[in-house]
Number of protein chains: 4
Amino acid sequence: MIRVAIIGASGYTGAESIEFLLRHSEAQLTYLTALPEECGAVGDVFGRFKGRCNLQIEPLDFDKLSKLADVALCCLPHKVSMGFVPKLLDAGVKVIDFSADYRLKDVVVYENFYGVKHTDTANISRAVFGLPELFRERIVGADLVANPGCYPTGAVLAIAPLLKADLVETDSIIVNAVTGISGAGRNPSAKFHYPNMNENIFAYSIGTHRHMPEIEQIASDVAGKNVTVLFQPHAGPFDRGILSTVYCKPKGKVTDEQLLTLYKDFYAAEPFVQICSESPNAKDVAGTNYCHVFVACVKGLIVCFSAIDNLVKGASGQAIQNMNIIFALDETLGLK
Amino acid sequence: MIRVAIIGASGYTGAESIEFLLRHSEAQLTYLTALPEECGAVGDVFGRFKGRCNLQIEPLDFDKLSKLADVALCCLPHKVSMGFVPKLLDAGVKVIDFSADYRLKDVVVYENFYGVKHTDTANISRAVFGLPELFRERIVGADLVANPGCYPTGAVLAIAPLLKADLVETDSIIVNAVTGISGAGRNPSAKFHYPNMNENIFAYSIGTHRHMPEIEQIASDVAGKNVTVLFQPHAGPFDRGILSTVYCKPKGKVTDEQLLTLYKDFYAAEPFVQICSESPNAKDVAGTNYCHVFVACVKGLIVCFSAIDNLVKGASGQAIQNMNIIFALDETLGLK
Amino acid sequence: MIRVAIIGASGYTGAESIEFLLRHSEAQLTYLTALPEECGAVGDVFGRFKGRCNLQIEPLDFDKLSKLADVALCCLPHKVSMGFVPKLLDAGVKVIDFSADYRLKDVVVYENFYGVKHTDTANISRAVFGLPELFRERIVGADLVANPGCYPTGAVLAIAPLLKADLVETDSIIVNAVTGISGAGRNPSAKFHYPNMNENIFAYSIGTHRHMPEIEQIASDVAGKNVTVLFQPHAGPFDRGILSTVYCKPKGKVTDEQLLTLYKDFYAAEPFVQICSESPNAKDVAGTNYCHVFVACVKGLIVCFSAIDNLVKGASGQAIQNMNIIFALDETLGLK
Amino acid sequence: MIRVAIIGASGYTGAESIEFLLRHSEAQLTYLTALPEECGAVGDVFGRFKGRCNLQIEPLDFDKLSKLADVALCCLPHKVSMGFVPKLLDAGVKVIDFSADYRLKDVVVYENFYGVKHTDTANISRAVFGLPELFRERIVGADLVANPGCYPTGAVLAIAPLLKADLVETDSIIVNAVTGISGAGRNPSAKFHYPNMNENIFAYSIGTHRHMPEIEQIASDVAGKNVTVLFQPHAGPFDRGILSTVYCKPKGKVTDEQLLTLYKDFYAAEPFVQICSESPNAKDVAGTNYCHVFVACVKGLIVCFSAIDNLVKGASGQAIQNMNIIFALDETLGLK
């Protein structure tokens with residue numbers, strides 16, 4: 001039985017990780033931590049766990065952690081995480097980090113987009129990027145996994161077969177995506193106050209979203225050459241889900257049937273990626289670790305669609321998938 | 001042309017008042033005020049007014065007010081309002097006050113439920129309670145109107161015909177109501193953070209809601225004797241509307257037909273109260289000043305249903321209805 | 001491994017049953033049936049099961065059923081179910097029936113409320129009412145379980161401790177409840193067309209809802225005497241959940257603390273009932289088999305609140321709980 | 001006072017037209033028609049009009065129409081409209097047609113996309129395209145106005161300044177849009193059944209949407225040369241609004257400031273188009289005839305955003321704007 005700690009258990013990704021670990025037959029939650037003001041019985045912090053989980057969320061104690069856990073899901077915010085991860089590793093636990101702090105391999109890009117100096121550059125190269133469908137072999141046995149961002153997960157799964165097959169121009173990809181509001185985290189704000197967000201939809205972070213360089217990095221890794229991406233996110237009035245619509249320019253002639261075959265073959269062995277015969281529905285993947293994908297030729301372009309749950313395949317579910325791989329368990333444990 | 005100021009124009013009831021006054025043929029917005037940190041062009045404070053209203057929201061200046069306005073809609077919070085109303089009256093403007101500060105005639109009850117000492121008791125008796133369907137004659141020419149609470153408006157309109165006709169026991173009325181979230185105001189909070197409130201419904205203020213004594217006061221006024229009410233509010237995942245379901249014990253035998261006739265007669269001359277032939281829908285009254293009512297005998301009780309828009313008939317629309325009455329205009333101006 | 005069939009797998013309760021059975025370690029889905037026009041791969045009928053369940057939904061063949069299943073979850077509509085249940089039993093499978101056809105012990109009441117002649121009266125007395133928290137001992141080893149209605153589950157769990165302790169008058173209980181729209185089933189209709197239902201809330205089935213006699217029957221069973229209930233349902237703009245607010249008249253003096261103790265003791269051994277310290281939230285129980293309960297004294301009455309997920313504790317989850325009990329498994333298997 | 005008939009008053013655009021005409025000081029609703037099975041008092045057909053409009057919706061009688069109305073808003077579906085419009089014109093009334101039947105100037109394109117033979121080709125050239133911001137001078141005094149589609153209105157207003165100024169390539173424009181569900185009309189369907197659509201978002205009509213050639217036609221008209229557009233619509237969980245995100249390739253270097261100036265100048269005299277300083281919010285234009293626009297340079301492309309209410313600026317509001325222009329009234333009457 002793998003013993004799992006959650007660092008930063010008081011946020012939405014912490015809660016979602018608890019939810020899935022409660023169903024996991026080979027892993028056991030042993031230690032939950034948060035800032036002192038957010039501690040308490042887990043059933044008090046999140047009403048949905050009343051009677052389902054009797055742990056306390058406590059302030060982090062590294063000694064306790066090192067005794068209680070084999071692996072820590074580190075659900076801390078960007079910039080905060082890099083202050084904790086080295087100590088978590090020192091405590092002898094493996095770390096799956098939900099923040100962006102170890103995702104971007106180029107420190108300069110990180111520092112530009114996140115506006116701070118990186119304080120743990122030593123571990124950046126140690127970290128493997130935890131998108132199993134593309135980099136599974138790197139994850140096996142890893143000490144430190146950088147769990148991907150929600151948008152990059154959806155966007156890159158939508159286009160990876162095209163990039164790998166070198167079918168599209170790599171300088172004109174447009175990712176248009178709409179996320180549910182759980183992606184904005186648990187802190188109240190004017191934008192996401194119910195009467196403001198309900199019945200609303202808007203674009204944000206125009207030209208500046210931090211997931212843009214992350215998408216480019218993974219896409220480039222898959223393509224084996226430099227890929228640039230225009231990424232435009234939107235926020236829509238629903239809890240969970242990211243629907244990505246990706247526009248690519250094909251290098252040559254290609255048919256819908258060829259694309260479908262390419263995608264089915266590419267993901268044939270993947271338990272969590274399903275190729276649809278029409279546009280995916282965000283609701284079909286809500287609460288699951290699945291990514292639904294569709295692709296079609298439209299007016300000279302290739303348009304790719306993907307749907308994921310931002311909190312599951314885009315965060316906690318993917319972290320558990322990574323955990324399963326690290327520990328050589330059946331990758332789908334707790335997630336089917 | 002009546003010149004109208006809005007004091008506290010940066011909240012939801014301020015915005016809704018602006019919306020309806022823009023459509024009013026005999027009234028003109030002349031002055032909008034708010035706390036300094038909430039000031040600015042009205043189209044910047046509320047995107048919906050871009051190009052529709054070119055006023056600035058400014059810090060309140062009583063001299064300016066006295067020169068610019070005949071009447072002030074005072075959209076300040078409870079407890080704050082009573083610090084401003086005497087000065088607004090001193091500035092020579094009539095006041096329609098949206099807060100609870102002048103609604104409760106019994107200062108002790110006010111001080112118990114609102115937890116502060118009342119600082120302007122002199123004006124409590126001067127204030128008339130602005131529910132036109134029940135107290136129209138008192139409103140004509142008034143200087144200070146206490147605009148009713150949203151819940152009391154819906155609840156009392158649902159049962160007034162029964163109380164007036166002395167058809168029900170006055171010691172066992174239960175008001176069960178569900179409100180949309182605009183009723184919680186514009187300040188973000190954890191409860192009303194979109195991912196918390198969406199897909200949720202809950203009861204609140206159990207046994208303690210401040211509208212309970214207000215409902216009792218108006219109901220008693222209508223009945224001509226002491227009425228006690230158990231009022232239980234709930235918050236539901238929608239923007240606008242209050243659906244009230246009121247359970248009353250009849251004194252004697254009564255039929256659905258008799259009730260229907262009673263209600264149709266009682267409200268025959270009322271432009272804004274409509275008697276339905278089945279349960280009202282909150283959505284049918286959203287954005288309007290209407291109250292839809294239905295009543296039926298069920299298992300020995302009389303059950304009354306009403307639907308209003310909490311921001312319109314429950315606040316800004318009713319205020320404008322009161323304004324029209326004060327100034328002897330057609331009561332429906334700007335509201336049809 | 002218990003082999004489970006679902007009869008009527010193409011509706012929402014069918015889908016929800018599949019969802020929970022996929023997570024069940026001691027039960028296995030073996031056979032899914034529906035009307036011919038609703039058959040197909042389960043991942044095509046419900047996109048959420050793509051890649052998660054490879055069964056086909058097929059037209060019902062009783063021979064096949066008798067070979068493939070130990071128990072059938074019968075998710076057919078009222079009135080239809082009683083045409084199938086005798087044959088399912090004849091096929092040698094145990095039946096957990098989701099319809100109302102075997103819930104009401106009094107055939108006359110059934111025929112009045114459902115408007116048809118009951119065609120399988122022989123099995124009514126054979127059926128046990130599947131509300132484990134109240135009738136667990138009757139369920140063990142049963143052949144035919146009448147799975148409770150969603151509203152009765154929420155309403156009766158909210159007041160059972162009061163009835164059992166004989167603390168409240170049994171002729172004046174009012175159940176006011178709001179349900180999410182999944183309760184209306186999968187067939188499109190004008191009322192539940194998205195642009196009509198979104199941002200709406202309304203009461204329905206005023207004085208006539210079919211769950212009223214069911215609530216009365218169970219409440220009377222628990223109380224050991226005749227209980228009458230005024231039940232008023234409402235439909236609100238959310239997917240899942242029933243929030244019940246129940247008003248009862250106490251027989252004598254009682255305090256909040258006494259009530260809390262009574263409830264905590266009554267449900268102390270129950271895994272799926274949690275006593276809250278304030279109003280329950282529908283969202284906290286969404287997707288779970290839990291019932292959250294709160295109780296308080298308000299103005300001379302006792303007000304009880306409960307929240308359940310109508311599709312889980314109100315249908316499919318409770319069915320699996322019953323299945324676990326029938327087969328002497330850990331009652332929480334697949335449901336924690 | 002202009003006398004207005006609504007043909008097909010029982011749908012959402014009929015209702016929305018009634019709503020705005022009730023507020024119009026120079027126009028008067030005189031005649032409402034629908035299919036016989038959808039007739040009745042307007043307050044019964046749409047609960048929101050109880051007490052606000054006392055007209056009956058009746059089966060269409062052309063004689064009656066010719067006596068009662070100066071102009072007819074023809075809110076019939078595509079393909080149906082062209083069977084009625086010639087007779088409406090024969091009856092001596094001006095027609096503002098909401099369908100696509102007179103929008104596309106190329107009959108072959110119409111017949112391809114709508115799958116029927118056009119039966120009133122004679123009137124196609126007579127019809128003017130009713131997008132006032134671009135073709136105002138053609139609308140003055142017109143007999144037959146083809147009211148634009150909702151998507152084309154939002155999309156073309158977003159890019160018209162670029163096209164007019166010849167700043168972008170005209171063979172690579174991508175319009176990605178999300179609509180609220182009122183756009184799907186009033187007939188219930190599985191896709192838009194509340195529990196299916198709520199919390200969902202999906203793409204549809206991939207490569208085949210009928211508004212694609214309409215967008216291309218108007219864009220070409222504005223640009224003065226052939227423009228091709230990839231248009232991809234999505235449906236999101238809200239009532240009203242279309243958010244369009246348009247990606248264009250600039251011909252040369254351009255700055256955000258230049259774009260902002262271009263847009264402000266282009267729409268300087270337009271009452272209903274507002275240039276925002278960040279992404280527009282669909283909620284800000286809900287219930288209004290406004291179009292909010294924002295534009296920015298992102299990674300070598302120009303990205304344009306627009307928000308409209310699909311039922312207002314995308315249908316009924318624009319129709320009334322057209323009516324005001326036809327009759328030489330202040331264009332904003334009833335719409336401010």
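Everything here concerns the structure above.
A brief structural summary. (Residues numbered from 1 in each chain as written. Chains lettered and ligands numbered in written order. Predicted model: local features only at pLDDT ≥ 70, side-chain atom pairs only at ≥ 80, totals over all residues. Heavy atoms only, no water.)

Within chain A, the regular secondary structure consists of 12 helices and 15 strands. Against the globule reference of 20 Å for 336 residues, chain A gives a C-alpha radius of gyration of 19 Å, in line with a compact fold. For chain A, the proportion of its 336 residues judged to be buried stands at 63%. Sequence-distant contacts in chain A: of pairs separated by 6 or more residues, those separated by 24 or more amount to 71%. When the accessible area of chain A is evaluated, it comes to approximately 10900 Å², of which 51% is carbon and sulfur surface. Of the charged side chains in chain A, 30 are positive and 36 negative; the average position of the first set lies 1 Å away from that of the second. (Helix = DSSP H or I, 4+ residues; strand = E, 2+ residues; numbered from the N terminus. Rg over C-alpha atoms; globule rule 2.2 N^0.38 Å. Buried < 20%, exposed > 50% of the residue type's maximum accessible area, 1.4 Å probe, protein only. Contact = heavy atoms within 4.5 Å. Areas by Shrake-Rupley, 256 points an atom, 1.4 Å probe, with all protein chains shown as cover. Lys, Arg positive; Asp, Glu negative; His and termini not counted. Charge placed at Lys NZ, Arg CZ, Asp CG, Glu CD.)

On to the sheet that holds strand β14 (residues 291–298) of chain A. To summarise the sheet geometry, strands pair through backbone hydrogen bonds and adopt either a parallel or an antiparallel arrangement. Residues and elements named next belong to chain A. Read from one edge to the other, the open sheet built from 7 strands follows the order β10-β11-β9-β12-β15-β14-β13, with strand pairing classed as mixed. Single-partner strands in this sheet number two, and they are β10 (202–203) and β13 (273–275). Bridge analysis of strand β12 (residues 242–248) against strand β15 (residues 301–308) gives 7 bridges, and the strand direction is antiparallel. If you follow V246 over to β15, its bridge partner there is C304. (Pairing = 2+ DSSP bridges.)

Residues and elements named next belong to chain D. At their nearest, the axes of helix α6 (residues 132–139) and helix α12 (residues 312–326) sit 10 Å apart, and the two run at 35° to each other. Relative to α12, α6 is oriented so that their crossing is right-handed. Only K313, Q318, Q321, N322, I325 and I326 of α12 make contact with α6, whose side of the interface consists of P132, E133, R136 and I139. Its residues assigned to classes, the contact of α6 with α12 comprises 4 nonpolar, 3 polar and 3 charged. (Axes fitted to C-alpha atoms, helices over the stretch in contact; angles between N-to-C directions. Left-handed = near helix turned anticlockwise from the far one by under 90°. Nonpolar A, V, L, I, M, F, W, Y, C, P; charged D, E, K, R; others polar.)

Once turned by 180° and shifted 0.0 Å along the axis, chain A lies on chain C with an RMSD of 0.0 Å. Interpreted geometrically, this transformation is the action of a two-fold axis. For chain A, the minimum C-alpha distance to the rotation axis belongs to R23(A) and amounts to 3.9 Å. Comparing contact sets, 100% of the residues at the interface of chain A also lie at the interface in chain C, consistent with an isologous, same-surface contact. (Least-squares fit on C-alpha atoms with pLDDT ≥ 70 in both.)

Following the criterion strictly, the structure yields 80 salt bridges over all chains and no others. Between R138(A) and D221(A) there is a salt bridge; the shortest N-O distance is 3.2 Å. Of the two residues, R138(A) is situated in helix α6 (residues 132–139) and D221(A) in helix α9 (residues 211–223); the sequence distance between them amounts to 83 residues. Salt-bridge contacts for K64(B) lead to E58(B); the nearest nitrogen and oxygen are separated by 2.7 Å. Put simply, E16(A), E19(A), R23(A), R48(A), R52(A), R240(A) and D309(A) are held in one network by salt bridges that share partners. (Salt bridge = Lys/Arg side-chain N within 4 Å of Asp/Glu carboxyl O.)

Before going further, it helps to examine the sheet that holds strand β13 (residues 273–275) of chain D. All names here are of chain D. Taken in spatial order, the 7 strands make up an open sheet running β10-β11-β9-β12-β15-β14-β13, and their pairing is mixed. Strands at the two margins of the open sheet, each flanked by one partner only, are β10 (202–203) and β13. Examined bridge by bridge, β10 and strand β11 (residues 229–235) share 2 bridges and lie antiparallel to one another. Within the sheet, the bridge partner assigned to F202 lies in β11 and is A235. Contacts from helix α10 (residues 256–266) reach β13, β14 (291–298) and β15 (301–308) within the one sheet, and its direction differs from that of β14 by about 155°.

Before going further, it helps to spend a moment on the interface of chain A and chain C. Contact residues are listed per partner, giving 18 residues for chain A and 18 residues for chain C. For the pair chain A and chain C, the summed buried area comes to about 1700 Å², and 47% of that belongs to carbon and sulfur atoms. Summed over the three residues of chain A that lose the most area to chain C, namely K50(A), R52(A) and K336(A), the buried surface amounts to 30% of that side. Viewed at the interface, chain C and chain A are joined by 2 salt bridges. A salt bridge links K283(A) to D239(C); its shortest N-O distance comes to 2.6 Å. Between chain A and chain C we count 8 residue pairs in polar contact (both at pLDDT 80 or more) in total. (Buried area = accessible area lost by both parts, 1.4 Å probe. Polar contact = N/O pair within 3.5 Å; in protein donor to acceptor, adjacent residues only side chain to side chain.)

Counted according to the given criterion, the structure contains 3 cavities of 30 Å³ or more. If you trace the largest cavity, you find 14 residues lining it, with N198(A), N198(B), Y194(C), N198(C) and N198(D) closest to the centre. Its residues assigned to classes, the lining of the largest cavity shows 8 nonpolar, 4 polar and 2 charged. (1 Å grid on protein atoms, 1.4 Å probe; cavity = no way out; pocket = protein on both sides within 12 Å on 5 of 7 lines; lining within 4 Å. Points joined across faces, edges and corners; volume = space filled by probe spheres on them.)

All right, on to the side chain of D97(C) then. All names here are of chain C. With respect to the element layout, D97 can be found in strand β6 (residues 94–97). Salt bridges are absent for the buried D97, whose nearest opposite-charge side chain, R103, sits at 6.6 Å. For D97, the side chain forms a polar contact with the side chain of S81, separated by 2.3 Å. Among residues more than four places away in sequence, those in contact with D97 are C74, S81, V85, Y102, L144, V145, A146 and N147.

A word on α6(A). Looking only at α6(A), the buried set comprises P132(A), E133(A), L134(A), F135(A) and I139(A). Once α6(A) finishes, G141(A) follows within two positions and takes phi at roughly 75°, a positive value.

In the superposition of chain D on chain A (RMSD 0.0 Å, axial shift 0.0 Å), the rotation amounts to 180°. Residue by residue, 100% of the interface of chain D is reproduced at the interface of chain A, so both copies engage with the same surface.

The next thing to look at is the packing of aromatic side chains. Going through the model one piece at a time under the given rule, you end up with 34 aromatic pairs over all chains. Aromatic side chains Y110(A) and Y114(A) sit 4.8 Å apart centroid to centroid with 15° between the ring planes, which places their arrangement in the stacked category. Taken together, the residues span about one helical turn, with Y110(A) and Y114(A) both in helix α5 (residues 107–114) at a distance of 4 residues. The residues Y110(A) and Y114(A) share a single accessibility class, namely buried. Taking 5.2 Å as the distance between ring centres and 80° as the angle between the ring planes, the aromatic pair formed by F272(D) and Y290(D) counts as edge-to-face. Remark: Y290(D) occurs in the loop between α11 (282–285) and β14 and F272(D) occurs in the loop between α10 and β13; sequence separation between them is 18 residues. You can call F272(D) buried: its relative accessible area is 0%. For Y290(D), a relative accessible area of 1% puts it in the buried group. (Phe/Tyr/Trp six-rings, centres within 6.5 Å; stacked < 30°, edge-to-face > 60°.)

Turning our eyes to something else, we now look at the state of the cysteines. Simply put, disulfide is the name for a covalent bond between the sulfur atoms of two cysteines. Residues and elements named next belong to chain A. One pass over the full model with this rule turns up 0 disulfides over all chains. Counting only cysteine sulfurs, C74 is the nearest neighbor of C75, a cysteine outside any disulfide, at a range of 7.0 Å. For C75, a relative accessible area of 11% puts it in the buried group. (Disulfide = S-S within 2.5 Å.)

We now examine the side chain of N176(A). Looking at the element boundaries, N176(A) is found in strand β9 (residues 173–179). Taking the relative accessible area as the measure of exposure, N176(A) reaches 2% and is therefore buried. Side-chain polar atoms of N176(A) contact the side chain of Y247(D), separated by 2.6 Å. Contact partners of N176(A), with chain neighbours within four places excluded, come to Q232(A), H234(A), L243(A), S244(A), T245(A), Y247(A), N176(D), T245(D) and Y247(D).

Look at S205(A): it is not a glycine, yet its phi comes out positive at around 45°. Topologically, S205(A) is positioned in the loop between β10 and α9. The class for S205(A) is partly exposed, based on a relative accessible area of 28%. A positive phi angle, near 75°, is found at K79(D), a position not held by glycine. Locating K79(D) in the fold gives a position in the loop between β5 (71–74) and α4 (81–90). Owing to a relative accessible area of 34%, K79(D) belongs among the partly exposed residues under this scheme.

If you look at the interface, chain D gives 38 residues, while chain A gives 38 residues. Here chain D and chain A share an interface that buries about 3300 Å² over both sides, 63% of which is from carbon and sulfur atoms. If you sort the residues of chain D by the area they bury against chain A, E199(D), I201(D) and K283(D) come out on top, with a joint share of 19%. For K299(A), the salt bridge identified is with E216(D), shortest N-O distance 2.2 Å. Where chain D meets chain A, there are 24 residue pairs in polar contact (both at pLDDT 80 or more). Tallying contributions element by element places β11(D) first for the side of chain D that touches chain A, with 4 residues.

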